[in-house]
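# Structural description and commentary
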Amino acid sequence: TAMSGNITVTLGLSAVNSSNTTRTRVELSVIVSIISMTVGILSNSLALFILVKAYRRFKLKSKASFLLFATGLVVTDFLGHLINGSIVLHVYCLHKEWERFDPQKVLCGFFGASMVFFGLCPLLLGSVMAVERCVGVTMPIFHSTKVTSRHMKKLMAVIWLSAMLVALLPIVAGKPYEVQKSGSWCFFKMGKSDWLDVFFPMLFSVLGLLSLAVSILCNTVTGVTLIRSKMKNQGHRKGTSHHFEMICQLLAIMLVSCICWGPFLVNVIIGSTQTQDDRSYERMLLAVRMATWNQILDPWVYILLRKAVLKKLFLITKECCGHKVISIYKWNCSSIKGSMKDSSISSRPDFSVSSSVRKSTPNTVTHCSAPCT
């Protein structure tokens, strides 16, 4: 009797400890979700303010189309954080008891479609932004005459509609989204059941990986073109600094997307063609958590990688590293300051055409003989 009592007490303590551990994990997950949601919304709001302000200033220039897509990307990330984050908090508050609060699986279907839509949109927008910049750098005349804001707005609407179509396909085809094993999110039905269960996640992953591949290709072409133009001393025309600013932002967006979305897209392909086990579900959960960081990091690219910030970084690098980076600094600083020099001179009261002609030769010699400071 005493032994059975000890066993009962031990089992009771074990159950209490297990319950406390589970409750602690749930509370920690809720806190992390709240922090992630708050940081994401604030970051995207700040980036949206910066982009809208820049779009108004460059509304009639070649940078306008890039800023339009960047604004669409930030708005998409903002809505993704707001909608998906709210659903996750709602699920945790109801202790992930889907059978009780969502017996018809309406919320799960909406959650799964939101995951697909807000996951695919940033990838597609990033690839289109890379293509737009590649055309703007390699074919500037075609870009300035044929690529208008009206066309870009239509293309952005097509991207959103395409992502929405992919997100709604499982529901229309009678293959609704299902709650994943962790109980905190909904997605495609993983594992081999029939060809539709394999097709939908494969379509999502292939489109995402194809977008990343297009971004890498176009950004490489754009970067090489800018470097070759600079080496041939053809990059001193006005507006070159904006090209370098945009290519820095695109490279950062591409890097963030590859790191955050790459593992998840690969895991979706593997999970759709193989039988899932506990280890596979854990990898998928870790991968989807990494993917959510894409919406947090995207806006900081536009907050930090601006022309004014890049200029300060070059100055700090020069002061820290001295003459070792002087040639690199000259190469970039001349692009950043070259487009600003004309506007600063023309705004002076004593400026005239003859004075600009007389001063053109000394300015050229100064830029060639010493680094800009």
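Keep in mind it's a predicted model, so treat the numbers as computed, not measured.

Counting secondary structure elements, the protein contains 13 helices and two strands. The long-range share in the protein, meaning contacts at least 24 apart out of those at least 6 apart in sequence, stands at 79%.

Using the residue numbers shown here, the UniProt feature "transmembrane region" (unreviewed entry) corresponds to residues 28–52, 64–89, 109–135, 155–173, 198–227, 247–266 and 286–305. Taken as a whole, residues 109–135 contains 100% helix and 0% strand, while its terminal C-alpha atoms sit 39 Å from one another. Note that residues 286–305 is 90% helix and 0% strand, and that its end C-alpha atoms are spaced 28 Å apart.

Okay, the packing of helix 4 (residues 106–138) against helix 7 (residues 195–231) next. Direction vectors running N to C along helix 4 and helix 7 enclose 25 degrees, while the axes themselves pass 8 Å from each other. Classified by the angle between their axes, helix 4 and helix 7 sit roughly parallel to one another. Crossing geometry of helix 4 relative to helix 7 is assigned as left-handed. For the contact of helix 4 with helix 7, the class distribution of residues is 15 nonpolar, nine polar and one charged.

Counting buried positions along helix 10 (residues 294–304) yields eight of eleven residues, so the element is predominantly enclosed. When helix 10 is considered as a whole, its buried residues turn out to be Asn 294, Gln 295, Ile 296, Asp 298, Pro 299, Val 301, Tyr 302 and Ile 303.

What follows is about the nonpolar core. Within the largest apolar cluster, 69 residues are counted, with the highest numbers of intra-cluster contacts made by Trp 185, Phe 187, Phe 204 and Phe 264. Per-element tally for this core: the top contributor is helix 4, with 14 residues. Look past the residues within four positions of Phe 204 in its chain and what remains in contact with it is Val 116, Leu 120, Phe 187, Phe 188, Trp 261, Phe 264 and Leu 265.

Moving on, we come to the pattern of salt bridges. Tallied over the entire structure, the rule returns four salt bridges. As a salt-bridge pair, Lys 175 and Asp 194 come within 2.4 Å of each other at their nearest N and O atoms. Residue Lys 175 is located in the loop between helix 6 (149–172) and strand 1 (178–179), and its partner Asp 194 is located in the loop between strand 2 (186–187) and helix 7; the two are separated by 19 residues in the primary sequence. Taking the relative accessible area as the measure of exposure, Asp 194 reaches 29% and is therefore partly exposed. Among the charged side chains, a network of salt bridges with common partners joins Lys 175, Asp 194 and Asp 197.

Now for the state of the cysteines. Summed over the entire model, instances satisfying the criterion amount to one disulfide. Here Cys 108 is linked by a disulfide to Cys 186, with a sulfur-sulfur distance of 2.3 Å. Because the torsion about its S-S bond is -125 degrees, the bridge between Cys 108 and Cys 186 counts as left-handed. Residue Cys 108 is located in helix 4, and its partner Cys 186 is located in strand 2; the two are separated by 78 residues in the primary sequence.

At a minimum axis distance of 5 Å, the contact between helix 9 (residues 278–292) and helix 10 shows a crossing angle of 25 degrees. Relative to helix 10, helix 9 is oriented roughly parallel. Contact with helix 9, carried on its side by Met 290, Ala 291 and Thr 292, involves Asn 294, Gln 295 and Ile 296 of helix 10 and no other residues of that element.

What counts and what doesn't
- Residues numbered from 1 in each chain as written.
- Predicted model: local features only at pLDDT ≥ 70, side-chain atom pairs only at ≥ 80, totals over all residues.
- Heavy atoms only, no water.
- Helix = DSSP H or I, 4+ residues; strand = E, 2+ residues; numbered from the N terminus.
- Contact = heavy atoms within 4.5 Å.
- UniProt positions renumbered as here; feature names shortened; annotations may be inferred.
- Axes fitted to C-alpha atoms, helices over the stretch in contact; angles between N-to-C directions.
- Parallel < 35°, antiparallel > 145°, perpendicular 65-115°, else oblique.
- Left-handed = near helix turned anticlockwise from the far one by under 90°.
- Nonpolar A, V, L, I, M, F, W, Y, C, P; charged D, E, K, R; others polar.
- Buried < 20%, exposed > 50% of the residue type's maximum accessible area, 1.4 Å probe, protein only.
- Core = buried A, V, L, I, M, F, W, Y, C linked by side-chain atoms within 4.5 Å.
- Salt bridge = Lys/Arg side-chain N within 4 Å of Asp/Glu carboxyl O.
- Disulfide = S-S within 2.5 Å.

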